[in-house]
Amino acid sequence: MGPHPAVAAIRLAVRHVLHDILNTLPASGERPDRVTERLPSPLGSTLVSPPASPLVLVACSGGADSMALASALAFEAPRLGLRAGGVTVDHGLQPGSDVRADEVALRMRGLGLNPVESVSVDVGRDGGPEAAARDARYAALDAALDRHGATAILLGHTRDDQAETVLLGLARGSGIRSLSGMAAVSGAGGRYRRPFLRLDRQTARKACMVQSLPVWDDPHNTDPAYTRSRLRHEGLPALEKALGKGVVEALARTAQLSRDDADALDSWASQAEASVRDDAGLLECAKLYALPPAVRRRILRRAAIEAGAPAGSLFARHIEEVDRLITGWRGQGAINLPGRVVAQRQGGRLVIRQG
């Protein structure tokens, strides 16, 4: 008799991702930066121990999604010749969070994951509490991956999380890239992998229940002070009541279609950029004007970021103002952008630089 359907589903999702990771490794199956260990031989010669198998980590908060992911990784990785480890991040935002993090680490070790560590972070205030916690968490995960020489980190975001991300992007009015949600593969060198984007949250919770895995429900997930929490418990249920079941699936499908379109437009903009710069590298307004707006604005955004504008603080309204220097030129003055970057039109050229 096979595993419960929910357990089978999470294991299959992880297996597919691990196969993808193996296919991206060099032909020898080794990471370029891995070092073999030289051991002294009793006979006086030197023995070279075989390099360790590639390591894949799971980011685990102790919630149902990430515990299900940790269990699936612990089951699948050894069968594919991979090592599996885990990281839990203590944000320090709730009383007793350090004790909970240690408990989560203990549970991961109980699943057979090794290495396992609990990492404490200091959460700042930039961008609001949710964004600041996310930034601190990803910085800690990046450091853990580098520290352990891991190949990738698995994240437990589900189809429900994807739907929420699409709606948040829609509310911000930030364009098609925001509607594309979370990528299945992201980060430097494709280090972040999200196996559960096609699975719903209930499947992960069911998999934990049938495997008797204890889970921790973060009270922040039900706190109406947080935007995502309000969306999860009020917004999405209201949409499903008004539009019927299937809203989550439709939003997740929208994310993938939007991502495909955004990737195509980014590629077009990258190819077109060289053609709209003069010999000095300045952007020529007449040539920019001839481009489709979606392509032109991508070039403007990239130019602003290269000049020093922080990508996370550069919104659609900023780019629209810069775009008017090209499409609605009436002699207006310079546009101030985040990061003390200034955009202005000079002699038919668009100059974007630190002010």
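Up top is the structure.
Basis of the calculations
- Residues numbered from 1 in each chain as written.
- Predicted model: local features only at pLDDT ≥ 70, side-chain atom pairs only at ≥ 80, totals over all residues.
- Heavy atoms only, no water.
- Pairing = 2+ DSSP bridges.
- Helix = DSSP H or I, 4+ residues; strand = E, 2+ residues; numbered from the N terminus.
- Contact = heavy atoms within 4.5 Å.
- Axes fitted to C-alpha atoms, helices over the stretch in contact; angles between N-to-C directions.
- Salt bridge = Lys/Arg side-chain N within 4 Å of Asp/Glu carboxyl O.
- Buried < 20%, exposed > 50% of the residue type's maximum accessible area, 1.4 Å probe, protein only.
- Right-handed = clockwise from strand over helix to strand, strands pointing away.
- Parallel < 35°, antiparallel > 145°, perpendicular 65-115°, else oblique.
- Nonpolar A, V, L, I, M, F, W, Y, C, P; charged D, E, K, R; others polar.

Peer 1: Explain the sheet that holds strand β12 (residues 349-354) to me, please; I cannot follow it from the model alone.
Peer 2: Hydrogen bonds between backbone groups are what pair the strands of a sheet, and the pairing can be parallel or antiparallel. Strand order in the open sheet formed by 4 strands is β9-β12-β11-β10, and the pairing between neighbours is antiparallel. At either end of the open sheet lies a strand with only one pairing partner, and these are β9 (283-284) and β10 (335-337). Pairing of β10 with strand β11 (residues 341-346), which is carried by 3 bridges, proceeds in the antiparallel orientation. Its bridge partner lying in β11, Leu337 is registered against Val341. Seen against the sheet, helix α11 (residues 293-306) touches β9, β10, β11 and β12 and runs at an angle of roughly 35° to β12.

Peer 1: Looking at this model, I keep getting lost on the pattern of salt bridges. Mind explaining?
Peer 2: Throughout the structure, instances matching the rule amount to 24 salt bridges. For Arg15, the salt bridge is made with Glu76, and the minimal N-O distance between the two is 3.1 Å. Residue Arg15 is found in helix α1 (residues 5-24), and its partner Glu76 is found in helix α2 (residues 64-76); the two are separated by 61 residues along the sequence. We classify Arg15 as partly exposed; its relative accessible area is 30%. The network of salt bridges with common partners includes Asp161, Glu164, Arg201, Arg228 and Arg232.

Peer 1: In this structure, what is going on with the pairing of strand β3 (residues 55-59)? I would like to understand it.
Peer 2: Side-chain direction in a regular strand flips from residue to residue, so the side chains alternate between the two faces of the sheet. Among the 5 residues in β3, 5 count as buried, and that is most of the element. Here β3 shows a buried face lined by Leu55, Leu57 and Ala59 and a second buried face lined by Val56 and Val58. With 5 bridges connecting them, β3 and strand β4 (residues 83-90) associate as parallel partners. Residue pairing across strands places Val58 opposite Gly86, the latter belonging to β4. Read as a crossover between parallel neighbours, the route from β3 over α2 to β4 is right-handed. Of the pairings in the sheet, the one linking β3 to strand β6 (residues 152-154) comprises 3 bridges and is parallel in character. From the neighbouring strand, Val56 faces β6, where its bridge partner is Ala152.

Peer 1: Honestly, the sheet that holds strand β7 (residues 185-186) in this entry has me stumped. Any pointers?
Peer 2: Strand order in this open sheet of 6 strands is β5-β4-β3-β6-β8-β7, and the pairing throughout is mixed. On the outer flanks of this sheet lie β5 (116-120) and β7, each paired with one strand and no other. When β7 meets strand β8 (residues 192-193), the two strands line up antiparallel, connected through 2 bridges. Each bridged residue has a counterpart across the sheet, and for Ser186 the counterpart in β8 is Tyr192.

Peer 1: Would you take a moment to explain the packing of helix α8 (residues 227-243) against helix α9 (residues 247-273) for this structure?
Peer 2: The relative placement of two packed helices is expressed as an angle between their axes plus a distance between the axes. Where α8 contacts α9, the axes come no closer than 9 Å and their chain directions differ by 105°. The orientation of α8 relative to α9 falls into the category roughly perpendicular. In this structure, α8 uses Leu236, Leu239, Glu240 and Leu243 to contact α9, whose residues at the interface are Val247, Val248 and Leu251. Of the residues in the contact of α8 with α9, the class split is 6 nonpolar, no polar and 1 charged.

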